[in-house]
Amino acid sequence: MYVCLCHGISDKTLKKLAYEQGVDDIREIRKLTPLGSQCGKCIRPAKEILQEAALNPLYKKAG
């Protein structure tokens, strides 16, 4: 499912960043992708996806 239609960013992309790089907030995502830079409607769903990913046993916090 696309989270950011303006830039074609999917939930799979967000989960991959969370699981592989330990990304856990929108600021970090926005450093790596253009998420939210156009209309901003994707910010809330992206936050929810990151929160869900952080609860998954596959998640590894970076650092």
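These notes cover the structure that comes with them. (Residues numbered from 1 in each chain as written. Predicted model: local features only at pLDDT ≥ 70, side-chain atom pairs only at ≥ 80, totals over all residues. Heavy atoms only, no water.)

1. Comments concerning the environment of proline 45
You can see proline 45 is positioned in helix α3 (residues 43-55). Taking the C-alpha atoms as reference, proline 45 lies 9.0 Å from cysteine 4; in sequence the two are 41 residues apart. (Helix = DSSP H or I, 4+ residues; strand = E, 2+ residues; numbered from the N terminus.)

2. Some details on the pattern of salt bridges
Across all of its chains, the model carries 1 salt bridge by this definition. The shortest N-O distance in the salt bridge between aspartate 11 and lysine 15 comes to 3.9 Å. Linking aspartate 11 with lysine 15, this pair stays in helix α1 (residues 11-21), spanning 4 residues, or about one helical turn. A relative accessible area of 13% means that aspartate 11 is categorised as buried. Take lysine 15: its relative accessible area is 30%, and that puts it in the partly exposed class. (Salt bridge = Lys/Arg side-chain N within 4 Å of Asp/Glu carboxyl O. Buried < 20%, exposed > 50% of the residue type's maximum accessible area, 1.4 Å probe, protein only.)

3. Let's talk about α1
Of all the positions in α1, only Asp11, Leu14, Leu17 and Ala18 are classed as buried. For α1, the arc enclosing every buried residue in end-on projection is 130 degrees, short of the 170-degree limit, so these residues lie on one face. For α1, the exposed residues set more than 90 degrees away from the buried face come down to Lys12 and Glu20. Considering only its buried residues, α1 is in contact with β1 (2-4), β2 (9-10), α2 (26-32) and α3. (Arc of directions from axis to C-beta. Contact = heavy atoms within 4.5 Å.)

4. Some points on the nonpolar core
What tends to happen in soluble globular proteins is that the nonpolar side chains get buried as a cluster. Core analysis: the biggest nonpolar cluster contains 16 residues, and Val3, Leu14, Ile26, Ile29, Leu35 and Ala46 have the highest contact counts within it. The residues contacting valine 3, other than those within four sequence positions of it, are Ile9, Ser10, Asp11, Leu14, Leu35, Cys42, Pro45, Ala46 and Ile49. (Core = buried A, V, L, I, M, F, W, Y, C linked by side-chain atoms within 4.5 Å.)

5. Here we look at α3
The α-helix advances 3.6 residues per turn, and as a result positions three or four apart in sequence lie on the same side. Compared with an ideal rise of 1.5 Å per residue, which puts 13 residues at 18 Å, α3 spans 19 Å between its outermost C-alpha atoms and is within 8% of the ideal. Taken together, the buried positions of α3 are Ile43, Ala46, Ile49, Leu50 and Ala53. Projection of α3 onto a plane perpendicular to its axis shows the buried side chains occupying an angular sector of 125 degrees, all on one side. Opposite its buried face, α3 presents the exposed residues Arg44, Gln51, Glu52 and Leu55, each directed more than 90 degrees away. (Expected span 1.5 Å × (residues − 1).)

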